[in-house]
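Remarks on the overall topology
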Amino acid sequence: MENKTILAFGAHPDDVEFGCGGTLLLLKEIGFEIIIVDLTKGEKSVHGTSRDERIKEAEESAEILGIKRDIYDLGDKNISLSEEHKKIVKKIIERYKPSLTFAPYFIDKHPDHINTSKLISDFVKPIYYYISDVKNPNLAVDISNVYDTKVSALNAHKSQIKPGDPEWLEERNRDSGKMINSNYGELFYAEENLNLPSIFVKLK
Ligand SMILES: [Zn+2]
């Protein structure tokens, strides 16, 4: 793989950390240059956080990961398949020409997650979808060695943490890990999965 650039798209700051933070840390260790792209600032978060506060938390989290982050402003609960939004996403992809692209899985309850997924799939292939509800993953990554850093990065999004979240995260990553006999894991779905870095384990 000659081009070592990876784009990891999320609708809201912290989506990427939840879905594939551990995997990105491992890919960084093997020499990839990674950019997290949040399409919104998450300003309509149910926890009543200000836009500035969320940006500050997102930047802190990126610093913990040691990964670059670009935050766009398509509007929380407003991401659509409009020409305007398509143009923005197309420009980001053309600028970085990623060799690997991560996006939210297209089956989800949140319209922003679904539309982020669909917007990107028009312009780049293949996409590795990170999965918020495990339905039909076909790839897994053992993130045991970097799990603590993933948790620290998520903890930086202080305003978003509700009681029970840390336990839920732990359980979810443990359950994902069980699929490949590891302590902690992250799951993905990809339509094509050729020439992937060896950290990915094919499930079927
Ligand atoms: Zn989200």
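The sections below set out a description of the structure shown in this document. (Residues numbered from 1 in each chain as written. Predicted model: local features only at pLDDT ≥ 70, side-chain atom pairs only at ≥ 80, totals over all residues.)

**Topic: the overall build of the protein**
To be explicit about the condition: Only runs of H or I of at least four residues qualify as helices and only runs of E of at least two qualify as strands under DSSP, and these elements are numbered from the N terminus. Here the globule rule is a power law, 2.2 Å times the number of residues to the power 0.38, and the radius of gyration is based on C-alpha atoms. Exposed residues have 12 or fewer other C-beta atoms within 10 Å of their own C-beta, buried residues have 20 or more, and residues in between are partly exposed; the C-beta atoms are placed from the backbone.
A count of helical and extended segments in the protein gives six helices and eight strands. From first element to last, N terminus to C terminus, the protein shows the α and β order β-α-β-α-β-α-β-α-β-β-α-α-β-β. Taken against the 2.2 N^0.38 rule, which gives 17 Å for 204 residues, the C-alpha radius of gyration of the protein at 16 Å falls within 12% of a compact globule. In terms of its C-alpha atoms, the protein occupies a principal-axis envelope of roughly 40 × 40 × 30 Å. Counting across all 204 residues of the protein, residues that qualify as buried make up 43%.

**Comments concerning the pairing of strand S5 (residues 127-130)**
Note on strand geometry: in a regular strand, side chains alternate between the two faces of the sheet. Put simply, the test is: Whether two strands pair depends on DSSP finding at least two bridges between them.
In S5, alternate side chains face the same way, and those of Ile-127 and Tyr-129 on one face and Tyr-128 and Tyr-130 on the other are all buried. For strand S4 (residues 100-104) and S5, the ladder comprises four bridges, and the chain directions are parallel. Paired with Phe-102 across the two strands is Tyr-128, which belongs to S5. Two strands pair when backbone bridges link them, and S5 and strand S7 (residues 185-189) are joined in this way by two bridges, in the antiparallel orientation. Directly across from Tyr-130, in S7, lies its bridge partner Phe-188.

**Structural notes on helix H4 (residues 111-121)**
Using the following cut-off: It is the C-beta atoms, placed from the backbone, that decide contacts: two residues are in contact if theirs lie within 7 Å.
Asp-112, His-113, Asn-115, Thr-116, Ser-117, Leu-119 and Ile-120 are the residues of H4 that are buried. Looking at the buried residues of H4, the elements they touch are strand S1 (5-10), helix H3 (83-96), S4 and S5.

**Points about the pairing of S1**
For the record, the criterion: Think of it like this: strands point away, you trace from the first strand over the helix to the second, and a clockwise trace means the crossover is right-handed.
Counting buried residues in S1 gives five out of six residues, a clear majority hidden from the surface. Relative to strand S2 (residues 33-38), S1 runs parallel, the two sharing six bridges. Bridging from a neighbouring strand, Ile-6 pairs with Ile-34 of S2. As for the winding sense of the linkage, the β-α-β connection from S1 through helix H1 (residues 15-29) to S2 is right-handed. Judged from the three bridges that link them, S1 and S4 form a sheet pairing that is parallel. Looking across to S4, one finds that Ile-6 is bridged to Leu-100.

**Quick look at the sheet that holds S4**
Just so we agree on the cut-off: Helix axes use the C-alpha atoms of the stretch in contact, all axes being lines fitted to C-alpha atoms, and the angles between their N-to-C directions lie in the range 0 to 180 degrees.
Spatially, the eight strands line up as an open sheet ordered S3-S2-S1-S4-S5-S7-S6-S8, and their pairing is mixed. Of all strands in the sheet, those with a lone pairing partner are strand S3 (68-71) and strand S8 (200-202), marking the two edges. The sheet shows a mean angle of 30° between the axes of neighbouring strands, direction not considered. Sheet strands in contact with H4 are S1, S4 and S5, and its direction is about 150° off that of S4.

**So, the environment of Asn-155**
If you trace the backbone, Asn-155 turns up in helix H5 (residues 147-155). It is 21 Å that separates the C-alpha atoms of Asn-155 and Leu-39, two residues lying 116 residues apart in sequence.

**Let's talk about the nonpolar core**
The test is simple: Each nonpolar core reported here comprises buried Ala, Val, Leu, Ile, Met, Phe, Trp, Tyr and Cys residues connected via C-beta atoms within 7 Å.
With 50 residues, the main nonpolar core has Ala-8, Phe-9, Leu-24, Tyr-129 and Phe-188 as its most contacted residues. Looking at this core, the element that brings in the most residues is H1, giving six residues. Setting aside anything within four residues of it in sequence, one finds Phe-9 in contact with Val-37, Leu-39, Phe-102, Ala-103, Thr-116 and Ile-120.

**Looking at unusual backbone geometry**
Most peptide bonds take the trans form, and the phi angle of most residues other than glycine is negative. Following Lys-125, the chain continues into Pro-126 via a peptide bond in cis, with omega recorded as -15°. In this structure, Pro-126 sits in the loop between H4 and S5. A positive phi angle, close to 100°, is found at Asp-14, a residue other than glycine. Following the sequence through the fold, Asp-14 ends up in the loop between S1 and H1. Overall, Asp-14 belongs to the buried group, with 24 C-beta atoms counted inside 10 Å. In this structure, Asn-181 takes a positive phi of about 55° despite not being glycine. Here Asn-181 is to be found in the loop between helix H6 (165-178) and S7. A count of 9 C-beta atoms within 10 Å places Asn-181 in the exposed class.

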